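These are the residues of each chain, in order.
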Amino acid sequence: MTIAQITELTDEQRDLWPEYRDKWTALAYAVAPIDRDKAGEAVKMAYVLAGYDEPELIYCDSPRAGQRIITETLKQPMGILA
């Protein structure tokens with residue numbers, strides 16, 4: 001299967017570029033909490049469409065909280081006490 005690559009933008013795409021750039025920049029810097037149900041369904045659907053099993057999702061309130069969960073999860077199978 002050949003995957004088409006975009007090598008040039010149309011005039012319409014070029015005109016829309018600033019609007020999409022601003023939209024995605026605002027989303028990248030958004031600090032509002034995500035809708036966990038919507039995000040979870042999107043992630044699970046992406047995995048299924050790619051031919052993978054649905055993942056177990058773990059939500060964290062911050063990167064630091066995520067790091068703690070990962071650390072604790074990795075310690076358990078090794079028998080290391082926290």
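Residues numbered from 1 in each chain as written. Predicted model: local features only at pLDDT ≥ 70, side-chain atom pairs only at ≥ 80, totals over all residues. Heavy atoms only, no water.

Caption draft 1: A look at the environment of Glu54. In this fold, Glu54 is placed in the loop between helix H2 (36–49) and helix H3 (63–78). Glu54 sits in the exposed class, given a relative accessible area of 52%. Counting along the chain gives eleven residues from Glu54 to Ala65, while the straight-line C-alpha distance between them is 23 Å. Ignoring anything within four residues of it in the chain, the contact list for Glu54 reads Lys44 and Val48. (Helix = DSSP H or I, 4+ residues; strand = E, 2+ residues; numbered from the N terminus. Buried < 20%, exposed > 50% of the residue type's maximum accessible area, 1.4 Å probe, protein only. Contact = heavy atoms within 4.5 Å.)

Caption draft 2: Here's a closer look at the pattern of salt bridges. Using the criterion set out here, one finds four salt bridges in the structure. Asp61 is the partner of Arg36 in a salt bridge, and the nearest nitrogen-oxygen pair spans 3.1 Å. Pair noted here: Arg36 is in helix H2 and Asp61 is in the loop between H2 and H3, with a separation of 25 residues, a long-range link. Residue classification places Asp61 among the exposed residues on the basis of a relative accessible area of 73%. A salt bridge links Lys75 to Glu72; the shortest N-O distance between them is 3.8 Å. Taken together, the positions of Lys75 and Glu72, both in helix H3 and three residues apart, correspond to about one turn of that helix. (Salt bridge = Lys/Arg side-chain N within 4 Å of Asp/Glu carboxyl O.)

Caption draft 3: View of a nonpolar patch on the surface. Taken together, the side chains of Leu16, Tyr20, Trp24 and Leu27 make up a nonpolar region of the molecular surface, amounting to roughly 420 Å² of accessible area. Checked against the element boundaries, Leu27 lands in helix H1 (residues 11–28). (Patch = residues over 30% accessible without salt bridge, like charges linked within 9 Å, V, L, I, M, F, W, Y side chains within 5 Å. Areas by Shrake-Rupley, 256 points an atom, 1.4 Å probe, with all protein chains shown as cover.)

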